[in-house]
Amino acid sequence: MWLLVVNQRAGKKKGLILANDFSKLIEQKKYKYHLINENSVEATNQALKSLLETGEYSKVIAFGGDGLVHLCIQHIISTDVSFGVVAAGSGNDFSRTVGTHKKSITQLFELYSNESASRVDVGRISCGNHVTYYVQVLSTGFDSMVNSYANGLKFLRGKLKYTVAMLFSLKKFQPIDYQFSVDGRSYSKNAMLLSIANGYCYGGGMKINPFAKNSDGFLNVLIVEPVSRIKLLALFPRIFTGSHVRHPKVST
């Protein structure tokens, strides 16, 4: 049985339109399905949790952006349910990473109708007793501030949203002292940002760590050492191609 989860506000109701189109294809095949179409994150979260606990569903398909993907991952991580996404958000980075971003509804339906599924890695974050999972990039530092600011820019989408957010964040940010360990080796660094990537992109296709692959069993760490605001401004556009990793202040 299929469980469709929609963010009705995603892409100016694009998520709901795509979910309805997808539902028609399911009905043509006479598959059983249920559609979660709630007015809030809290209600969507509760409905997804309750329905998955019944054990009746074998597939979850998300119609929205990376926020909805993140919500769904928290619930399916401990199940045998397969997961797919129909991109309808502003960034759609998970769908870019798994190769479904530009596919039509018909192509996606055929793909998700296939009983075979590919496994992907999932990052695990624990803070005290709280555990969160992620499939793309864990950001800390400057890019985290940019993302936070971008989330408030409802009138912009994709790369433009994050570019504008970067310009506003540039004035306020100061480098951070980091202590961390990788593969048993400890580090102490003063840096502009530290990201831990499972997927290669975030922010609507910005290739923060072009080496990251979500099925190789590794997380990829990237560090940007302190640079002036002018140099950071010049470095930022290179994230769109991934060429920033060649900068002497960037290490992976």
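Here, every reference points to the structure presented above.
Everything quoted here is computed from the prediction, not taken from an experiment. (Residues numbered from 1 in each chain as written. Predicted model: local features only at pLDDT ≥ 70, side-chain atom pairs only at ≥ 80, totals over all residues. Heavy atoms only, no water.)

A. Expanded view of the sheet that holds strand β2 (residues 33–36). On the basis of which strands lie adjacent, the open sheet formed by four strands has the order β2-β1-β3-β4 and parallel pairing. Each of the sheet's edge strands pairs with one partner strand only, and the pair in question is β2 and β4 (82–87). The mean inter-strand angle of the sheet, taken between neighbouring strand axes irrespective of direction, is 20 degrees. Against the sheet, helix α1 (residues 14–28) contacts β1 (2–6), β2, β3 (59–64) and β4, and its axis sits at roughly 165 degrees relative to β1. (Pairing = 2+ DSSP bridges. Helix = DSSP H or I, 4+ residues; strand = E, 2+ residues; numbered from the N terminus. Axes fitted to C-alpha atoms, helices over the stretch in contact; angles between N-to-C directions. Contact = heavy atoms within 4.5 Å.)

B. Region of the structure containing helix α5 (residues 105–113). Taken residue by residue, α5 has Ile-105, Leu-108, Phe-109 and Tyr-112 as its buried positions. The buried residues of α5 all sit within an arc of 100 degrees when viewed along its axis, so they share a single face. Elements that come into contact with the buried residues of α5 comprise β1, α1, β3 and β4. (Buried < 20%, exposed > 50% of the residue type's maximum accessible area, 1.4 Å probe, protein only. Arc of directions from axis to C-beta.)

C. Examining the layout of surface pockets more closely. Considering only enclosed or pocket space, the second largest pocket measures out at about 1,000 Å³ in volume. At the level of elements, β3, α3 (66–76), β4, α4 (93–98) and α5 are the ones that each hand at least two residues to the lining of the second largest pocket. Sort the elements by how many residues they give to the lining of the second largest pocket and β4 lands first, with four residues. Across the lining of the second largest pocket, the residue classes break down as 18 nonpolar, nine polar and six charged. (1 Å grid on protein atoms, 1.4 Å probe; cavity = no way out; pocket = protein on both sides within 12 Å on 5 of 7 lines; lining within 4 Å. Points joined across faces, edges and corners; volume = space filled by probe spheres on them. Nonpolar A, V, L, I, M, F, W, Y, C, P; charged D, E, K, R; others polar.)

D. Broad picture of the packing of aromatic side chains. All chains considered together, the criterion is met by 11 aromatic pairs. With centroids separated by 5.8 Å and ring planes inclined at 20 degrees, the aromatic side chains of Trp-2 and Phe-109 adopt a geometry described as stacked. Remark: Phe-109 occurs in helix α5 and Trp-2 occurs in strand β1; sequence separation between them is 107 residues. The exposure class assigned to Trp-2 is buried, which follows from its relative accessible area of 5%. (Phe/Tyr/Trp six-rings, centres within 6.5 Å; stacked < 30°, edge-to-face > 60°.)

E. Quick peek at a positive patch on the surface. On the surface, a cluster of positive charge is contributed by Lys-12, Lys-14, Lys-102 and Arg-157. Classification of Lys-102 by relative accessible area gives exposed; the value is 74%. (Patch = residues over 30% accessible without salt bridge, like charges linked within 9 Å, V, L, I, M, F, W, Y side chains within 5 Å. Areas by Shrake-Rupley, 256 points an atom, 1.4 Å probe, with all protein chains shown as cover. Salt bridge = Lys/Arg side-chain N within 4 Å of Asp/Glu carboxyl O. Lys, Arg positive; Asp, Glu negative; His and termini not counted. Charge placed at Lys NZ, Arg CZ, Asp CG, Glu CD.)

F. Molecular detail of the environment of Ala-165. Assignment of secondary structure puts Ala-165 in helix α7 (residues 158–169). Given a relative accessible area of 0%, Ala-165 falls into the buried group. C-alpha of Ala-165 to C-alpha of Leu-48: the two residues are 117 residues apart in sequence and 32 Å apart in space. With sequence-adjacent residues up to four places away left out, Ala-165 is seen in contact with Val-146, Tyr-149, Ala-150 and Leu-153.

G. Structural context of the state of the cysteines. Tallied over the entire structure, the rule returns zero disulfides. With no disulfide partner, Cys-72 has as its closest neighbouring cysteine sulfur the one in Cys-201, 18 Å distant. Exposure remark for Cys-72: the relative accessible area of 0% places this residue in the buried category. (Disulfide = S-S within 2.5 Å.)

H. Summary view of the packing of helix α2 (residues 41–52) against α3. It is the contact of α2 with α3, at a shortest axis distance of 10 Å, that shows an interaxial angle of 30 degrees. Compared by their axis directions, α2 and α3 come out roughly parallel. α3 is crossed by α2, and the crossing has right-handed handedness. Judged by residue contacts, Val-41, Thr-44, Asn-45, Leu-48, Lys-49 and Leu-52 of α2 engage Leu-68, Leu-71, Cys-72, His-75 and Ile-76 from α3. Of the residues in the contact of α2 with α3, the class split is seven nonpolar, three polar and one charged. (Parallel < 35°, antiparallel > 145°, perpendicular 65-115°, else oblique. Left-handed = near helix turned anticlockwise from the far one by under 90°.)

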